[in-house]
Amino acid sequence: MLSKESRASLTCKETIAVLSDYLEALCGPDVVERLEAHLRDCAPCRAYLATFRRTRELTRTVGRVEMPPEMKARLRQFLMKQLRTTTNEGAGSPDTV
Ligand SMILES: [Zn+2]
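Our subject in this report is the structure included herewith. Just so we're clear, the structure is a prediction, and the values are computed from it rather than from any experiment.

### Observations concerning the nonpolar core
Then step 1. By size, the foremost hydrophobic cluster in this structure holds 7 residues: Leu19, Cys42, Cys45, Tyr48, Leu49, Phe52 and Leu79.
Then step 2. When near neighbours in sequence (up to four residues on either side) are disregarded, Leu49 contacts Leu19 and Leu39.

### A word on the packing of helix α1 (residues 12-23) against helix α2 (residues 29-41)
Then step 1. Between α1 and α2, the shortest axis-to-axis distance is 11 Å and the interhelical angle comes to 120°. Our classification of the angle between α1 and α2 gives oblique. Of the two elements, α1 crosses α2, and the hand of that crossing is left-handed. Residues Thr15, Val18 and Tyr22 of α1 form the contact with α2, whose participating residues are Val31, Val32, Leu35 and His38.
Then step 2. When grouped by side-chain class, the residues that make up the contact of α1 with α2 number 5 nonpolar, 2 polar and no charged.

### Description of the environment of Thr51
Then step 1. Mapped onto the elements of the fold, Thr51 is located in helix α3 (residues 43-62).
Then step 2. C-alpha of Thr51 to C-alpha of Phe78: the two residues are 27 residues apart in sequence and 9.5 Å apart in space.
Then step 3. For Thr51, the residues in contact, after removing those within four places along its chain, are Leu75 and Phe78.

So, how was this worked out
- Residues numbered from 1 in each chain as written.
- Predicted model: local features only at pLDDT ≥ 70, side-chain atom pairs only at ≥ 80, totals over all residues.
- Core = buried A, V, L, I, M, F, W, Y, C linked by C-beta atoms within 7 Å.
- Buried ≥ 20, exposed ≤ 12 C-beta atoms within 10 Å, placed from the backbone.
- Contact = placed C-beta atoms within 7 Å.
- Axes fitted to C-alpha atoms, helices over the stretch in contact; angles between N-to-C directions.
- Helix = DSSP H or I, 4+ residues; strand = E, 2+ residues; numbered from the N terminus.
- Parallel < 35°, antiparallel > 145°, perpendicular 65-115°, else oblique.
- Left-handed = near helix turned anticlockwise from the far one by under 90°.
- Nonpolar A, V, L, I, M, F, W, Y, C, P; charged D, E, K, R; others polar.

Structure follows, in structure tokens:
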């Protein structure tokens, strides 16, 4: 399962955990590097980041509003759904390239 931890990039969970810090430039350069390495390989996390970023910009336009926890939870659910879809793709199908 996840016993082999990669030091090169973050996991999806870690990416989600540090994403708001990343956008606020609160992460250390090593974290940023590993996060960006993960984003290169992970389309769902890129989609998550895009949604997260857009939401932040919207809330910033409206005013200096903190992203509500409910919004964060919904974004997280969105990503988990994406991940599950990706994982289920081709499951049990013999003609996977
Ligand atoms: Zn990911």
